[in-house]
Amino acid sequence: MPDRPDVPPVLVARLRGLLGFPECREEDAWTGVRWRVRKATVAHVFGGEDQLFRVTFRAEPQEVRAFEHLGHPYFRAGWGGNVVGVVLDDGTDWGEMAELLTDSYCIQAPQHLAAAVDRPDPADGTL
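J.: Help me understand the overall build of the chain, please; the structure alone is not making it clear to me.
T.: Broken down by element type, the chain carries 4 helices and 6 strands. Each helix and strand of the chain, ordered N terminal to C terminal, gives the series α-β-β-β-β-α-β-β-α-α. Each principal axis of the C-alpha distribution contributes one length, and for the chain these read about 45 × 30 × 25 Å. Across the 127 residues of the chain, 43% fall into the buried class. Within the chain, residue pairs in contact and separated by at least 24 positions form 47% of the contacts whose partners lie at least 6 positions apart. In the structure as shown, the chain presents an accessible area of about 7300 Å², 50% of it carried by carbon and sulfur atoms. Charge centroids of the chain, computed over 13 positive and 20 negative side chains, lie 8 Å from each other.

This is the structure in structure tokens:
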């Protein structure tokens, strides 16, 4: 079985910059790095046996269904009912990643912490 590559520090740093939420902590995972609020995982970046890097996170039920059908670079994880992900590469839209990770944090965090986070208004696309 091929080895999983270590996540490049520059990629971890880029994600770290998007995950600076209240009480959101970075830690080593079984492979790669994850960010958690309390005991709930917000995001997990890791290298796959195919040598590609992925980040998984949480999404609302209607978004999970959309991710399931979008195709590469999006995917639905094989575990957890609300776990989806993106393959990270040169075409990654980091603005979209910021929105997806913000949503994931707000899903996983206690309500009082999530309420402290600025989120885009879906009606007009602004904060």
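From this point, the discussion proceeds with the structure in view.
J.: Would you take a moment to explain the packing of helix 1 (residues 9-18) against helix 3 (residues 94-108) for this structure?
T.: How two helices pack is summed up by the angle between their axes together with the distance between the axes. Two elements in contact, helix 1 and helix 3, have axes separated by 9 Å at closest approach and are oriented at 55°. The pairing of helix 1 with helix 3 is recorded here as oblique in orientation. Helix 1 and helix 3 meet at a crossing whose hand is right-handed. Between helix 1 and helix 3, the contacting residues are Leu11, Arg14, Leu15 and Leu18 on the first element and Trp94, Met97, Ala98 and Leu101 on the second. Looking at the contact of helix 1 with helix 3 residue by residue, the class counts come to 7 nonpolar, no polar and 1 charged.

J.: Just checking my understanding: could you explain the confidence of the model for the chain for this structure?
T.: Low pLDDT marks regions whose predicted coordinates should not be analysed in detail. For the chain, per-residue confidence averages 91 on the pLDDT scale, and residues scoring 70 or more make up 93% of the total. Here helix 2 (residues 61-70) is the element of the chain with the lowest mean pLDDT, 90, and strand 2 (residues 33-37) is the one with the highest, 98.

J.: Would you mind going over unusual backbone geometry with me for this structure?
T.: For residues other than glycine, phi is negative in most cases, and the peptide bonds are mostly trans. In this chain, histidine 72 is followed by proline 73 through a cis amide linkage whose omega measures 10°. For proline 73, the position within the fold is in the loop between helix 2 and strand 5 (74-76). Of note, the phi angle at arginine 38 is positive, near 55°, even though the residue is not glycine. Within the element layout of this structure, arginine 38 appears in the loop between strand 2 and strand 3 (40-47). The residue glutamine 51 is not glycine, and still its phi comes out positive at about 75°. Along the chain, the position of glutamine 51 falls in the loop between strand 3 and strand 4 (53-58). For glutamine 51, a relative accessible area of 42% gives the class partly exposed.

J.: So what exactly am I meant to see when it comes to the sheet that holds strand 4 here?
T.: Two pairing modes exist for strands in a sheet, parallel and antiparallel, and in both the strands are linked by backbone hydrogen bonds. Strand order across the open sheet formed by 6 strands is 1-2-3-4-6-5, with antiparallel pairing between neighbours. Two strands lie at the open edges of the sheet, namely strand 1 (24-28) and strand 5, each paired on one side alone. Taken over all neighbouring pairs, the strand axes of this sheet differ in orientation by 20° on average, direction set aside. Sheet analysis places strand 5 next to strand 6 (residues 83-88), joined by 3 bridges and oriented antiparallel. If you follow tyrosine 74 over to strand 6, its bridge partner there is valine 86. Helix 3 rests against strand 1, strand 2, strand 3, strand 4, strand 5 and strand 6 of the sheet, and its axis sits at about 40° to strand 4.

Procedures and definitions
- Residues numbered from 1 in each chain as written.
- Predicted model: local features only at pLDDT ≥ 70, side-chain atom pairs only at ≥ 80, totals over all residues.
- Heavy atoms only, no water.
- Helix = DSSP H or I, 4+ residues; strand = E, 2+ residues; numbered from the N terminus.
- Buried < 20%, exposed > 50% of the residue type's maximum accessible area, 1.4 Å probe, protein only.
- Contact = heavy atoms within 4.5 Å.
- Areas by Shrake-Rupley, 256 points an atom, 1.4 Å probe, with all protein chains shown as cover.
- Lys, Arg positive; Asp, Glu negative; His and termini not counted.
- Charge placed at Lys NZ, Arg CZ, Asp CG, Glu CD.
- Axes fitted to C-alpha atoms, helices over the stretch in contact; angles between N-to-C directions.
- Parallel < 35°, antiparallel > 145°, perpendicular 65-115°, else oblique.
- Left-handed = near helix turned anticlockwise from the far one by under 90°.
- Nonpolar A, V, L, I, M, F, W, Y, C, P; charged D, E, K, R; others polar.
- pLDDT = per-residue confidence, 0-100.
- Pairing = 2+ DSSP bridges.

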